[in-house]
Amino acid sequence: MPPFIKPILMASYNLLINGKTYKVEADPKMPLLWVIRDLAGLHGTKYGCGMAQCGACTVHVNGNPVPSCTLPVSSAAKQTITTIEGLSNDNTHAVQKAWLAEQVPQCGYCQSGQIMAAAALLKRNPNPTDQDIDAAMMGHICRCGTYPRIRKAIKTAAQIMAKASN
Amino acid sequence: MQTKDKNLSRRNFIRISGMTGAALTIGYAMPALANDAAEILTAQKASEQGIELTAWISIDKTGKVTILNHRSEMGQGSFQAVPQMVAEELEVSLDNVNIAFAPGSQTKYGSQLTGGSSTVRGAYTRLLRTGATAREMLIEAAAKKWNVNRSECYAENGFVIHKPSGKKLGYGELVEEASKLTPPKDVKLKRREEYKIVGKPLPRQDNPNKINGKAEFGLDVKIPGMLYAVIERSPRFKGKVKSFDDAAAMKVRGVKKVLKTTAPVFAVEREGVAVIADSLWAAVEGRKALKVEWDDSAFEHLSTEQLYTRMKEDLKKPGLSQRTGGNAEAVFQKTEKKVEAIYETPYEAHACMEPLTCTAHVQGDKVEVWGPIQAPDWIQQDISGRLKIKPENVTVNMTFLGGGFGRKAFMDYTYEPVLLSKEMNAPVQVVWTREDDMTQGPFRPGAVYECKGSIGGGRINSFQAKMAAQNMNWQWSPQPDKTAYNDSTTEGFCESYFETIPNYSFGDVPTESPVPVMWWRSVYSSTNGFAFESFIDELAVTAEKDPLQFRKQHLGERYRAVLEKIEELTNWKDKKKNDGWGVAITFCFNSVVGEAVKVSKNAGGKLKIDKVFAVMDCGWYVNPDIIRAQVEGSIVMAYGAAVSHEIHFQDGKAMETNFHQYKMPRINEIPDIEVHIMDNEEKPGGVGEPALPPFAPALCNAIFDLTGKRIRKLPFNISEV
């Protein structure tokens, strides 16, 4: 291989993130996380482990919570992607309201992922039990130990959503 | 909904505060060290006298208040506690307050090291006084304007009000007048019962931006023209680069340069090879293609097993003595009722959710740094010292920290981008992968404790504790003074035991090891507390006493009050036979924390933690909700170190590389936690750390109560108890 040809192959993708189309040139195996952060310039989604162990990078792909750090961009094209920035533009999503009501964040670094997972849970299960919360949130690490408040906030969010739909 | 930008840029702050007359800016003309008696000056006076003001508060013509937070925000809440104190005395609503991070400068802000749970307890009088001084100046300005007696005026919610007439003026309308006044020397601070903001569970000002992705962390820093670097560091401490082959790495599209680099790790240098690229992804891919050969001859290829064997051997040596009273060994020998135990605690990673990162731009003899930093003033000194440039030529810009726990007070990761930026003549961001972050340390040191104690007349008549562990202080010097004892061997121990135990001895045997070690949330208390409070329990059992009553028998009033609150919350006297209850109490960074844990076994015989009660006595406090959050978080972190994770070493390397091996606690494991805060007249104590040490001993004491099995080694497998 001549030295001027570098082995990262670039391809063009149209990514639908938060309702907006981003045209990016990227190595097909580049994880969606880095595309979102460094090519789309959306910094709310965080890097924590790079191996789908901590959940800090969670985004919605077609409404499902997915760790973006292990999803190659080639698999994300043509899907509907929502990041923390797309949840609401004014902190008015029920989960965000509940996160403030219960004062969940401490350092805040893992919270984008936690919030995205909680929002996805409540969408498919508006009234989760403790076991449902465990199952949906177990993939998410918080070193500050905000777990008791996350549990409370998910229940608060469920109430906020129930009130809004009445 | 608050979505306004609370994090005013430093440049903007200086611009605003520099406009004399357009704002009332007051702060300190501070000597090199923080001093409560330091003089308060206005910006105008300071500029007349040619003094650069350390600005704490600025009020502009619209009445907007900006407060400079001199400490890091890593989740512990300084970003809320600092303005909450100032706003109280200033008589403004927190809604009208913007908060800016102070840049690193020890000459201006005193110690900025955010560690030792010291933000509130270290600066509260200074912060209250600054707020009160500005308030008094605004009142004086209004009285002058109205030509009335100042005693007829008072301040409330951003206004000065003339009581007899009901006239009022907003602070913004008074700043021009006030900025010309001389700050009064002695201002009266409010009494606690007058507080409207301090002591209230007000929502954190940083949280609205922590739920929508807007809060800026270290990895979010983007500087125009910035390059990214990842570094392949020696997997073994003190390892050197023998050679490297960058041919394949340089072929990766986007990779600009591969070069050998170095970073200070205490008194030694850690070598590595940096891959610098125009994107982080390219740098990471380039690193995968890099081949490095290491010279590990200077490093011992030791293992965890070897380390703990060494510590246990060390315990047989007489060691160094820190604090003694009476003659503990003689009394121990003579007394019949006695007990001895060995406790072991593991090495731990800090494992902040945000891996280490820092960005630097070196331009000639000026350096600008951006990052998640616990000690910005140290970074300024470190960089200026190493590059031999003036400290004022080093600007340290603070971002939010995605966790700190002691790790981000260290200066290795902050120097790496400085060297690379110099080399590349461009801003460089160094990013540590999770694997880099977890395997490189510094770690919390592992420790082994030997405890001996005896009971005479139903009370402790002797207590001895000897710790074998690395002395963290030794690392800073290539030739440390090896006759110096570890001055933290009593950390965590309740102070009043020293008054009631007639014979005691605390000391250490410093274990030699090349593993880099560093403060980890609550520092030595995090391991001492387990040994001391497990052993007090063993002594209570030896004395055939209820462990809580036994502690009360030996502790002073402040500690007894905490234990009595635990009795009340847990209904301690009516404990059921089949419940396992454990209690522990420690003193850490001037706060007393007592915790009680209830455990039981389910039908399948599996141990379950039913509930944790925590009673925090941190004296005078600012925000009870933040305190509760810190206590909850400390308990979760303590739980992880007690039952979930540990760093092992093999062949001189850390074995756990990521969260699949370093198992962090998950939401499903965390029991219900009930927190109570004591109200008393004590001075403020620490909040971020002191609730961590009592958890592990309280849990293990509860397990003993239920099963008769004494756990002396952490971490332990809770499902196998």
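In this text, all values refer to a predicted model and were calculated from it rather than measured experimentally.

Caption draft 1: Looking closely at the overall build of chain B. In terms of regular secondary structure, chain B is built from 19 helices and 28 strands. At 27 Å, chain B has a C-alpha radius of gyration in line with the 27 Å of a compact globule built from 721 residues. Reported as C-alpha extents along the three principal axes, the dimensions of chain B are approximately 80 × 75 × 50 Å. Evaluated residue by residue, chain B yields a buried proportion of 58% over its 721 residues.

Caption draft 2: Looking closely at the overall build of chain A. Scanning chain A from N- to C-terminus turns up 6 helices and 5 strands. Relative to its length of 166 residues, chain A is compact, with a C-alpha radius of gyration of 17 Å against a globular reference of 15 Å. Considered along the principal axes of its C-alpha atoms, chain A spans approximately 60 × 30 × 25 Å. When burial is assessed residue by residue, chain A has 57% of its 166 residues classed as buried. Long-range contacts, defined as pairs at least 24 residues apart, comprise 59% of the intrachain contacts of chain A with a sequence gap of at least 6.

Caption draft 3: Up close: the confidence of the model for chain B. Residues and elements named next belong to chain B. Looking at chain B, the pLDDT average stands at 91 and 92% of residues meet or exceed 70. Note that pLDDT drops below 50 for residues 1–20; the model gives that stretch 39 contacts with residues more than four away or on any other chain. A low-confidence stretch, residues 31–36 (pLDDT under 50), is modelled with 8 contacts involving residues beyond four sequence positions or located in other chains. Both scores are available for the predicted complex, with the pTM at 0.94 and the ipTM at 0.96.

Caption draft 4: Layout of unusual backbone geometry. With an omega of -5 degrees, the peptide bond between G441 of chain B and P442 of chain B qualifies as cis. Mapped onto the elements, P442 of chain B comes out in the loop between α13 (434–440) and β20 (447–456). Cis geometry marks the peptide bond from L714 of chain B to P715 of chain B, where omega comes out at -10 degrees. With respect to the helices, strands and loops of the structure, P715 of chain B is situated in the segment after α19 (695–707). Even without being a glycine, N62 of chain A presents a positive backbone phi close to 50 degrees.

Caption draft 5: Region of the structure containing the sheet that holds strand β5 (residues 80–82) of chain A. Residues and elements named next belong to chain A. Reading across the sheet, the 5 strands line up as β2-β1-β5-β3-β4 and stay open at both edges, with mixed pairing between neighbours. Each edge of the open sheet carries a strand with a single partner, namely β2 (20–26) and β4 (64–67). Taking the axes of each pair of neighbouring strands and ignoring which way they run, one obtains an average angle of 40 degrees across the sheet. As paired strands, strand β3 (residues 58–61) and β4 are joined by 4 bridges and run antiparallel to one another. Each bridged residue has a counterpart across the sheet, and for V61 the counterpart in β4 is N64. Contacting β1 (11–17), β2 and β3, helix α1 (residues 32–39) crosses the sheet at an angle of about 105 degrees to β2. Where helix α4 (residues 111–124) meets the sheet, its contacts fall on β3 and β4, and the angle it forms with β3 comes to roughly 35 degrees.

Caption draft 6: Local environment of the interface of chain A and chain B. Across the boundary between the two partners, chain A contributes 48 residues, which contact 51 residues of chain B. Where the side of chain A that touches chain B is concerned, the elements lending two or more residues are α1, α3 (94–101), α4, α5 (130–137) and α6 (147–165) of chain A. It is α6 of chain A that contributes the most residues to the side of chain A that touches chain B, 4 residues altogether.

Caption draft 7: Geometry of the domain arrangement of chain B. Residues and elements named next belong to chain B. Domain assignment breaks chain B into domain 1 (10–210), domain 2 (223–298 + 375–431) and domain 3 (304–348 + 443–720). Computed over C-alpha atoms only, the centres of domain 1 and domain 3 are separated by 40 Å. Between domain 1 and domain 3, the residue contacts involve 18 residues of the former and 17 residues of the latter. If you tally residues by element for the side of domain 1 that touches domain 3, the top one is helix α3 (residues 78–90), at 4 residues. In terms of residue class, the side of domain 1 that touches domain 3 is made up of 7 nonpolar, 9 polar and 2 charged.

Caption draft 8: Here's a closer look at the pairing of strand β7 (residues 159–162) of chain B. Residue and element names in this part refer to chain B. In this structure, strand β6 (residues 153–156) lies alongside β7, joined through 4 bridges in antiparallel fashion. Note on β7: the bridge partner recorded for E156 is F159. Hairpin remark: β6 followed by β7, antiparallel, with 2 residues in the connecting loop; positive phi at N157, about 45 degrees. Two successive antiparallel strands, β7 and strand β8 (residues 168–170), enclose a turn made up of 5 residues, where G166 displays a positive phi of approximately 80 degrees.

Caption draft 9: Expanded view of the packing of α3 of chain B against helix α5 (residues 119–146) of chain B. Residue and element names in this part refer to chain B. It is at 7 Å that the axes of α3 and α5 come closest, and there the two elements cross at 35 degrees. Helix-helix and strand crossings are classified by hand; for α3 and α5 the assignment is right-handed. On the side of α3, the interface is formed by S78, A81, V82, M85, V86, A87, E88, E89 and L90, while α5 contributes T119, V120, Y124, L127, L128, T130, G131, A132, A134 and R135. Class assignment for the residues of the contact of α3 with α5 results in 12 nonpolar, 4 polar and 3 charged.

Caption draft 10: Region of interest: the domain arrangement of chain A. All names here are of chain A. Along its sequence, chain A is organised into domain 1 (11–86) and domain 2 (94–165). The C-alpha-based centres of domain 1 and domain 2 are spaced at 21 Å. Taken together, the contact pairs 15 residues of domain 1 with 12 residues of domain 2. Within the residue set of the side of domain 1 that touches domain 2, elements represented by two or more residues are β3 and β4. Here the side of domain 1 that touches domain 2 takes 3 residues from β3, the largest share from any one element. Its residues assigned to classes, the side of domain 1 that touches domain 2 comprises 6 nonpolar, 8 polar and 1 charged.

Caption draft 11: Broad picture of the sheet that holds strand β12 (residues 268–277) of chain B. Residues and elements named next belong to chain B. The strand order β11-β12-β9-β19-β16-β17-β18 describes an open sheet built from 7 strands, whose pairing is mixed. Two strands lie at the open edges of the sheet, namely β11 (255–265) and β18 (394–398), each paired on one side alone. Averaged over all neighbouring strand pairs, the angle between strand axes comes to 25 degrees, with direction disregarded. Two strands pair when backbone bridges link them, and strand β16 (residues 357–363) and strand β19 (residues 428–431) are joined in this way by 4 bridges, in the antiparallel orientation. Looking at β19, one finds that C358 is bridged to V430. Against the sheet, helix α12 (residues 412–424) contacts β9 (227–233), β11, β12, β16, β17 (366–371) and β19, and its axis sits at roughly 40 degrees relative to β16.

Caption draft 12: Region of the structure containing the pairing of strand β4 (residues 65–69) of chain B. All names here are of chain B. β4 sits mainly inside the fold: 5 of its 5 residues count as buried. Alternating residues of β4 divide into V65, I67 and N69 and T66 and L68, and every residue in both groups is buried. You can see the chain leave β4, run along α3 and come back into strand β5 (residues 97–101), and the turn it takes is right-handed.

Caption draft 13: Representation of the nonpolar core. All names here are of chain B. Formed by 271 residues in total, the largest nonpolar core has its most connected members in L138, A229, V275, A283 and A614. Looking at this core element by element, the count peaks at 12 residues for helix α18 (residues 624–644). In this view, A229 contacts A274, V275, I276, A283, P417, L420, V428, Q429 and V430; residues no more than four positions away in its chain are not counted.

Caption draft 14: Region of the structure containing the environment of G272 of chain B. Residue and element names in this part refer to chain B. Tracing the backbone through its elements, the reader meets G272 in strand β12. A count of 23 C-beta atoms within 10 Å places G272 in the buried class. With sequence-adjacent residues up to four places away left out, G272 is seen in contact with I231, E232, R233, S234 and T261.

Caption draft 15: Spotlight on the packing of α3 of chain A against α4 of chain A. All names here are of chain A. Two elements in contact, α3 and α4, have axes separated by 9 Å at closest approach and are oriented at 125 degrees. On the basis of their axis angle, the class for α3 and α4 is oblique. Along this stretch, α3 crosses α4, giving a crossing that reads as right-handed. Residue-level contacts link V95, Q96 and W99 of α3 to I115, A118, A119 and L122 of α4. Class assignment of the residues belonging to the contact of α3 with α4 gives a composition of 6 nonpolar, 1 polar and no charged.

Analysis parameters
Residues numbered from 1 in each chain as written. Chains lettered and ligands numbered in written order. Predicted model: local features only at pLDDT ≥ 70, side-chain atom pairs only at ≥ 80, totals over all residues. Helix = DSSP H or I, 4+ residues; strand = E, 2+ residues; numbered from the N terminus. Rg over C-alpha atoms; globule rule 2.2 N^0.38 Å. Buried ≥ 20, exposed ≤ 12 C-beta atoms within 10 Å, placed from the backbone. Contact = placed C-beta atoms within 7 Å. pLDDT = per-residue confidence, 0-100. Pairing = 2+ DSSP bridges. Axes fitted to C-alpha atoms, helices over the stretch in contact; angles between N-to-C directions. Domains from an automatic or database assignment. Nonpolar A, V, L, I, M, F, W, Y, C, P; charged D, E, K, R; others polar. Left-handed = near helix turned anticlockwise from the far one by under 90°. Right-handed = clockwise from strand over helix to strand, strands pointing away. Core = buried A, V, L, I, M, F, W, Y, C linked by C-beta atoms within 7 Å. Parallel < 35°, antiparallel > 145°, perpendicular 65-115°, else oblique.

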